[in-house]
Amino acid sequence: MAEKEKEIKKTNQYLTFTLAEELYAIDIAQVWEVLDYTPITRVPRTPEFLLGIINLRGRAVPVADLRLKFGLERTERTVNTCIIIAEVKMDGESTVMGALADSVQEVFEISPSEIEPPPKMGAKVRTEFIQGMAKHNDRFVIIIDVNKVFSSEEMSMVQEAGEVSE
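Fair warning: this is a prediction, and the values are worked out from it, not measured in the lab.

**Some thoughts on the overall build of the protein**
Thought 1: Within the protein, the secondary structure is distributed over three helices and 10 strands.
Thought 2: What you see in the protein, going N to C, is helices and strands ordered as α-β-β-β-β-β-α-β-β-β-β-β-α.
Thought 3: The buried share of the protein, taken over its 166 residues, is 45%.
Thought 4: Summed over all atoms, the accessible surface of the protein reaches about 10,000 Å², with 48% contributed by carbon and sulfur.

In structure tokens form, the structure reads like this:
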């Protein structure tokens, strides 16, 4: 009984979203909210993946295109395009930022025992941002660790982009 309770407590909920028809997930505990696409104000001298900032109830929030960050083509805006607002923690600091996604799917639970380690792709392919892989409805779900998607230097740029506009 005690082991079953531990298993239940370890179960996590994930928000799933699509990028280039692949299914990704992030821990729902890091998601603040999901917004419909809203105009993004470009900030000069920022990396290509950093699209700019949005006004979130008076707060400047940087928005990144995860497709560009992951080496995919730029996100084409559709009626399903949305911005996932999440809290990213790195080096003891946290930043609220938006991530552009093709669409948001659903929230579902995955037991830690159902999550497999990320695949080994060789030394030249960065996979440290992949927390693990799971299956949902016969599809692979790539579970990402939003705290490891961006490097320290990139997070500094993201924080500066938010501060410059405030």
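**Focus: empty space enclosed by the protein**
Thought 1: Tallied over the full model, the rule gives one cavity of 30 Å³ or more.
Thought 2: When its volume is computed, the largest cavity comes out at roughly 110 Å³.
Thought 3: Around the largest cavity, the lining is made up of 13 residues, and of these Leu66, Ala86, Ala99, Val146 and Phe150 lie nearest the centre.
Thought 4: Going through the elements one at a time, strand S6 (82-90) and strand S7 (93-101) are the ones with two or more residues in the lining of the largest cavity.
Thought 5: Of the residues contributing to the lining of the largest cavity, the split by class is 12 nonpolar, one polar and no charged.

**Quick notes on the sheet that holds strand S8 (residues 103-110)**
Within a sheet, neighbouring strands are paired by backbone hydrogen bonds and run either parallel or antiparallel to one another.
Thought 1: With respect to topology, five strands assemble into an open sheet ordered S8-S1-S2-S10-S9, the strand pairing being mixed. Where the open sheet ends on each side, the last strands, each with one partner, are S8 and strand S9 (130-136). The average angle at which neighbouring strand axes cross in this sheet is 30 degrees, direction not considered.
Thought 2: Summarising the sheet, strand S1 (residues 12-19) and S8 pair through six bridges and their orientation is antiparallel. Bridging from a neighbouring strand, Phe17 pairs with Val104 of S8.

**Some details on the packing of aromatic side chains**
Thought 1: Counted according to the given criterion, the structure contains four aromatic pairs.
Thought 2: When the centroid spacing of 5.8 Å and the interplanar angle of 20 degrees are considered together, the rings of Phe17 and Tyr24 count as stacked.
Thought 3: Aromatic side chains Phe70 and Phe129 sit 4.8 Å apart centroid to centroid with 15 degrees between the ring planes, which places their arrangement in the stacked category. Within this pair, whereas Phe70 is found in the loop between helix H2 (66-69) and S6, its partner Phe129 is found in the loop between S8 and S9, the two being separated by 59 residues in sequence.
Thought 4: Taken together through their ring pairs, the aromatic side chains of Phe17, Tyr24, Phe70 and Phe129 make up a single cluster.

**Quick word on the pattern of salt bridges**
Thought 1: One pass over the full model with this rule turns up three salt bridges.
Thought 2: With a shortest N-O distance of 2.4 Å, Arg57 and Glu33 are connected by a salt bridge. Taken together, the positions of Arg57 in the loop between strand S4 (50-56) and strand S5 (59-65) and Glu33 in strand S3 (residues 31-36) put the pair 24 residues apart, joining distant regions of the chain.
Thought 3: Residue Arg57 is classed as exposed on the basis of its relative accessible area of 67%.
Thought 4: Salt-bridge contacts for Glu48 lead to Arg74; the nearest nitrogen and oxygen are separated by 3.4 Å. You can see Glu48 sitting in the loop between S3 and S4 and its partner Arg74 sitting in the loop between H2 and S6, a full 26 residues away along the chain.
Thought 5: Overall, the relative accessible area of 40% leaves Arg74 in the partly exposed class.

**Regarding the confidence of the model for the protein**
Thought 1: Residues of the protein with pLDDT of at least 70 account for 86%, and the chain-wide mean is 85.
Thought 2: Within the protein, the element-level pLDDT minimum falls on helix H1 (residues 2-10), averaging 49, and the maximum on S3, averaging 96.

**Description of the side chain of Ser103**
Thought 1: Position of Ser103 relative to the elements: it lies in strand S8.
Thought 2: At 2.7 Å, the side chain of Ser103 forms a polar contact with the side chain of Thr18.
Thought 3: A distance of 2.8 Å separates the side chain of Ser103 from the side chain of Gln105, its partner in a polar contact.
Thought 4: Those residues in contact with Ser103 that lie beyond four places of it in its chain are Phe17, Thr18, Asn80 and Cys82.

So, how was this worked out
- Residues numbered from 1 in each chain as written.
- Predicted model: local features only at pLDDT ≥ 70, side-chain atom pairs only at ≥ 80, totals over all residues.
- Heavy atoms only, no water.
- Helix = DSSP H or I, 4+ residues; strand = E, 2+ residues; numbered from the N terminus.
- Buried < 20%, exposed > 50% of the residue type's maximum accessible area, 1.4 Å probe, protein only.
- Areas by Shrake-Rupley, 256 points an atom, 1.4 Å probe, with all protein chains shown as cover.
- 1 Å grid on protein atoms, 1.4 Å probe; cavity = no way out; pocket = protein on both sides within 12 Å on 5 of 7 lines; lining within 4 Å.
- Points joined across faces, edges and corners; volume = space filled by probe spheres on them.
- Nonpolar A, V, L, I, M, F, W, Y, C, P; charged D, E, K, R; others polar.
- Pairing = 2+ DSSP bridges.
- Axes fitted to C-alpha atoms, helices over the stretch in contact; angles between N-to-C directions.
- Phe/Tyr/Trp six-rings, centres within 6.5 Å; stacked < 30°, edge-to-face > 60°.
- Salt bridge = Lys/Arg side-chain N within 4 Å of Asp/Glu carboxyl O.
- pLDDT = per-residue confidence, 0-100.
- Polar contact = N/O pair within 3.5 Å; in protein donor to acceptor, adjacent residues only side chain to side chain.
- Contact = heavy atoms within 4.5 Å.

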